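So you can see what is in the structure, the chains are spelled out below.
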Amino acid sequence: MRRLPSLTALRTFEAAARHAHFGRAAAELCVTDSAVSHQIRQLEEQLGSTLFERDGRQVRPTPQARRLLHSLQQAFELIGEACDELRDPGSQAQLRVAVTAELAQKWLVGRLADFAERHPQITLHLHEQPLEATLPGSEIDIAITYGTGPDDASAYFVRPLPTLQFFPVCSPGLFNQSPLKHPRDLARHCLLHDDQDGKTWTAWLTTHAGDIQPTRHLYLGHAGLTMEAAARGQGVAIGDNLTSAEDLASGRLVRPFAAQVPSLGQYALVCERLRLDKPAVAHFIEWLTDQLVDL
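Computed from a predicted structure; not experimentally measured. (Residues numbered from 1 in each chain as written. Predicted model: local features only at pLDDT ≥ 70, side-chain atom pairs only at ≥ 80, totals over all residues. Heavy atoms only, no water.)

## Re the nonpolar core
Then step 1. L95, I142, F284 and L288 are the most contacted members of the largest nonpolar core, which has 27 residues in total.
Then step 2. Looking at this core, the elements that each hand over two or more residues are strand 3 (93-99), helix 5 (101-108), helix 6 (112-118), strand 5 (142-146), strand 12 (267-272) and helix 11 (279-291).
Then step 3. At six residues, the largest contribution of residues to this core is made by helix 11.
Then step 4. Apart from the residues within four sequence positions on either side, L95 is in contact with F115, I122, T123, L124, H125, D141, A280, V281 and F284.
Then step 5. Among the nonpolar cores identified, the runner-up in size contains 19 residues, and A16, F22, A65 and L72 belong to it. (Core = buried A, V, L, I, M, F, W, Y, C linked by side-chain atoms within 4.5 Å. Buried < 20%, exposed > 50% of the residue type's maximum accessible area, 1.4 Å probe, protein only. Helix = DSSP H or I, 4+ residues; strand = E, 2+ residues; numbered from the N terminus. Contact = heavy atoms within 4.5 Å.)

Listed below in structure tokens is the structure:
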């Protein structure tokens, strides 16, 4: 087996790094300040690396120590969950999933009843994943990020979701009131953007509508908002085969044109490899894979 430092030293380091203060770590662990200093010094000797930068009574973890802190917090959480399951085998497993707002609102939430029916022993906590974030938060088991995910394959499991296709969508009322027979007809309509730089619409228009210059634009925070605005007849949005699927199936939205372009980015499922052995994580990944079969 791989030789590891003592659990006491690692717990002491985790507390000191989290508090950025040896004294507060000592109070939490019910030991003296000198005991904390001794454990940290001993751990630094064993690892051959400085773990803290000191500024008076305050301490700051070094960049290498911050990575160790993150891994330890995940490991301690997994150990705690395993112990809870042994104490109470019939207890509900807890699963924390973070998803971007638009994907949660327009695609995932409507499918969670199926997950609950398949796995009633799992309590799922759904969190919002910021669009710019590429990693799961410290308490998150699985994140669905927008992007290719982290490069560190040794620490993270990454599964890219299928590439999306972008296409215009609008309400049936708007389509019937002001017909869209050709992509150039979009010049008369308000374009709804889910990005702030307009790149998504630009990519579609450049490919399929030549040099038209629509003059009316509305910029919203994410695709969930643009889909809602489009359904209410406020303009034409760029949809995709993931976040627009339910609205198209129900008839709230229609596709005026079949023309589409590949998405500029891609969703990816990201999970720390430490968590892959957690049954609830394995069940969710398997279920999510089933949901994506038809994309």
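Next comes the rest of the account.
## Some details on the packing of aromatic side chains
Then step 1. Scanning all chains against the criterion turns up eight aromatic pairs.
Then step 2. Taking 5.0 Å as the distance between ring centres and 75° as the angle between the ring planes, the aromatic pair formed by Y146 and Y267 counts as edge-to-face. Taken as a pair, Y146 in strand 5 and Y267 in strand 12 lie far apart in primary sequence, 121 residues in all.
Then step 3. Judged by centre distance (5.5 Å) and plane angle (45°), the ring pair of F284 and W287 falls under tilted. Within this pair, F284 and its partner W287 are both found in helix 11, separated by three residues, close to a single helical turn. Considered together, F284 and W287 belong to a single accessibility category, that of buried residues.
Then step 4. These aromatic residues form a ring-pair network of at least three members: F13, F22 and F52.
Then step 5. The ring of F76 has R11 sitting right over it, with the charged end atom 4.8 Å from the ring centre.
Then step 6. The side chain of R255 reaches across the aromatic face of F167, ending 3.7 Å from its centre. (Phe/Tyr/Trp six-rings, centres within 6.5 Å; stacked < 30°, edge-to-face > 60°. Lys NZ or Arg CZ within 6 Å of the ring centre and 35° of its normal.)

## Structural notes on the layout of surface pockets
In this approach a probe as big as a water molecule rolls over the atoms, and the regions it shows empty are the leftover space.
Then step 1. Considered as a void within the structure, the largest pocket measures approximately 770 Å³ in volume.
Then step 2. Those elements that place two or more of their residues in the lining of the largest pocket are helix 1 (7-19) and helix 4 (63-87).
Then step 3. No other element matches helix 4, which puts eleven residues into the lining of the largest pocket.
Then step 4. Of the residues assigned to the lining of the largest pocket, the class counts are 16 nonpolar, five polar and six charged.
Then step 5. Residues from two domains meet in the lining of the largest pocket; each of domain 1 (5-84) and domain 2 (91-161 + 264-289) gives at least three.
Then step 6. As a volume, the second largest pocket reaches approximately 380 Å³.
Then step 7. Considering the residues around the second largest pocket, the lining is formed by 18 residues, among which L131, Y146, D194, D195 and T200 are closest to the centre.
Then step 8. Along the lines of polarity and charge, the residues of the lining of the second largest pocket split into seven nonpolar, five polar and six charged. (1 Å grid on protein atoms, 1.4 Å probe; cavity = no way out; pocket = protein on both sides within 12 Å on 5 of 7 lines; lining within 4 Å. Points joined across faces, edges and corners; volume = space filled by probe spheres on them. Nonpolar A, V, L, I, M, F, W, Y, C, P; charged D, E, K, R; others polar. Domains from an automatic or database assignment.)

## Considerations on the sheet that holds strand 6 (residues 156-160)
Pairing between sheet strands relies on hydrogen bonds along the backbone, with the strands arranged either parallel or antiparallel.
Then step 1. The five strands are arranged 4-3-5-12-6 in an open sheet whose pairing can be described as mixed. The two strands at the open ends of the sheet, each matched to only one other strand, are strand 4 (122-128) and strand 6. Pairs of neighbouring strands in the sheet enclose a mean axial angle of 20°, with direction left out of account.
Then step 2. Looking at chain direction, strand 3 and strand 4 are connected through seven bridges and run parallel. Paired with R96 across the two strands is H125, which belongs to strand 4.
Then step 3. Across the face of the sheet, helix 5 comes into contact with strand 3, strand 4, strand 5 and strand 12 while running at roughly 110° to strand 3.
Then step 4. Most of the contacts of helix 11 go to strand 3, to which it runs at about 45°, and overall it touches strand 3, strand 4, strand 5, strand 6 and strand 12. (Pairing = 2+ DSSP bridges. Axes fitted to C-alpha atoms, helices over the stretch in contact; angles between N-to-C directions.)

## Details of helix 9 (residues 223-231)
Then step 1. For helix 9, a buried count of seven out of nine residues is recorded, marking the element as mostly surrounded by other parts of the structure.
Then step 2. Looking only at helix 9, the buried set comprises A223, G224, T226, M227, A229, A230 and A231.
Then step 3. Where helix 9 is buried, its residues meet helix 5, strand 7 (165-169), strand 8 (190-193), strand 10 (236-240) and helix 10 (245-250).
Then step 4. After helix 9 finishes, the residue G233 shows a positive phi value of roughly 80°.

## Re the packing of helix 2 (residues 22-29) against helix 3 (residues 33-47)
Each pair of packed helices gets described by two things: the angle between the helix axes and the distance between those axes.
Then step 1. Between helix 2 and helix 3, the shortest axis-to-axis distance is 8 Å and the interhelical angle comes to 105°. With respect to their mutual orientation, helix 2 and helix 3 come out roughly perpendicular. Across the interface between the two elements, F22, G23, A25 and A26 of helix 2 pack against D33, V36, S37 and I40 of helix 3.
Then step 2. Residues belonging to the contact of helix 2 with helix 3 are distributed by class as follows: five nonpolar, two polar and one charged. (Parallel < 35°, antiparallel > 145°, perpendicular 65-115°, else oblique.)

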